[in-house]
Structures are given as C-alpha cells and as structure tokens.
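Chains, contacts and geometry: an overview
Listed here are the chains, written in short residue letters.
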Amino acid sequence: MRPPPVSAHVSVSAAVAAAAAGEDEDDADELPMMSDDVYGQGLAWQSQSKDNLKILMDNFTPEQFERYEAYRRSALPKQSVRKVIQQSTNYTVSQPVAQVVAGFAKVFVGEIVEKAREVQARCGESADTPLSPEHLREAYRLYQQETGKVGAARVHKGKKLFIR
C-alpha cells in the first residue's frame, strides 16, 4: 500500500490544528470521513437476513428441513472442480475461482434435482424412490427450455449431458 501524498498529511495536520484552536473547518470535504452508519447498516442487514432465515426454517416441514440440511452439508470437491476447469479451458485457475465455480455447480445440481423431483411426482412415483436417469434427463430438458441453452458456448461433439 502506498503512503498518502504529502498534501494529505498537510491537510490532516491543518485540520488537527484548526480543531485544537477551536476554529470551524470549512474544508471538511477534504478529509475522508468514516461513518458508523454504513457499518451499522451492514450489521442490520445481516441481522435481518438471519431473522428471515430463522423464520423460513421454522416453517419447514421435517422433510424440507432434512433436505435443506443435506444441501448445506454437501459440497463438490474444490480440487476436482479446479482440475475439470483446467482441463476444459487449458488455463490454470486459482483456488478462489474453483470455489466460485463449485458454488455455481452446486446451485445448478440443486435446481436439476428439484426439477427431477417434480418430474417424478408428475409421473406418479413416490418421493421415497430414488431418481432415475429419465427424471434427470427430463429435468434438464425443462431447465433448458426455461432458461435457454446451458453449457459451453460451442457444441462439443459426442459430449452431451444426460443423454443415453
């Protein structure tokens, strides 16, 4: 980090001298002022988010709570994600990038599984039975229909997701 320019030191010391002398400072906009309001707003937002999550979790059915806990516990191995990214792009990526991609992948998998559960219910099958590849394929098809193309910008020959 670079030290502030000399003029900043002069204006700070001038402001301190003016405050000590009891003079009003007309150049208050020269000094950066840290506001406790910004920090307080951030804390209030965090507190509100925690309260909202607690209200949501209190209204979960036992099955929903169990699924939520399973989702919270699950994670994609960051090193494996990093390896797949590097093999796909031919670039080395940092661990934070792999972590972000793993987060997006986890959300994507969650959405596909949720849609597959809906497909399973529409087929009249019990939610206790495992999802079949057909449910996942239909969920992926529906997801593509709703959101547009999913996947790489160019089509990879012979590499199709959830296709027999």
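Let us look at the structure shown here.

What counts and how
- Residues numbered from 1 in each chain as written.
- Predicted model: local features only at pLDDT ≥ 70, side-chain atom pairs only at ≥ 80, totals over all residues.
- Heavy atoms only, no water.
- Phe/Tyr/Trp six-rings, centres within 6.5 Å; stacked < 30°, edge-to-face > 60°.
- Buried < 20%, exposed > 50% of the residue type's maximum accessible area, 1.4 Å probe, protein only.
- Helix = DSSP H or I, 4+ residues; strand = E, 2+ residues; numbered from the N terminus.
- Lys NZ or Arg CZ within 6 Å of the ring centre and 35° of its normal.

A full pass over the atoms with the stated rule returns two aromatic pairs. On the basis of an interplanar angle of 55 degrees and a centroid distance of 5.7 Å, the ring pair of Phe 60 and Tyr 68 is categorised as tilted. On the basis of relative accessibility, which here comes to 18%, the residue Tyr 68 falls in the buried class. Ring geometry for Phe 108 and Tyr 143: centres 5.4 Å apart, planes at 80 degrees, overall edge-to-face. Placement of the pair is Phe 108 in helix 5 (residues 95-122) and Tyr 143 in helix 6 (residues 133-147), with a sequence separation of 35 residues. Seen from the ring of Tyr 71, Lys 106 lies directly overhead, with NZ or CZ sitting 4.5 Å from the centre.

It is worth spelling out unusual backbone geometry at this point. For Asn 90, which is not a glycine, the phi torsion comes out positive at approximately 60 degrees. By the element assignment, Asn 90 lies in the loop between helix 4 (78-89) and helix 5. For Asn 90, a relative accessible area of 68% puts it in the exposed group.

Structural measurements only, silent on function.
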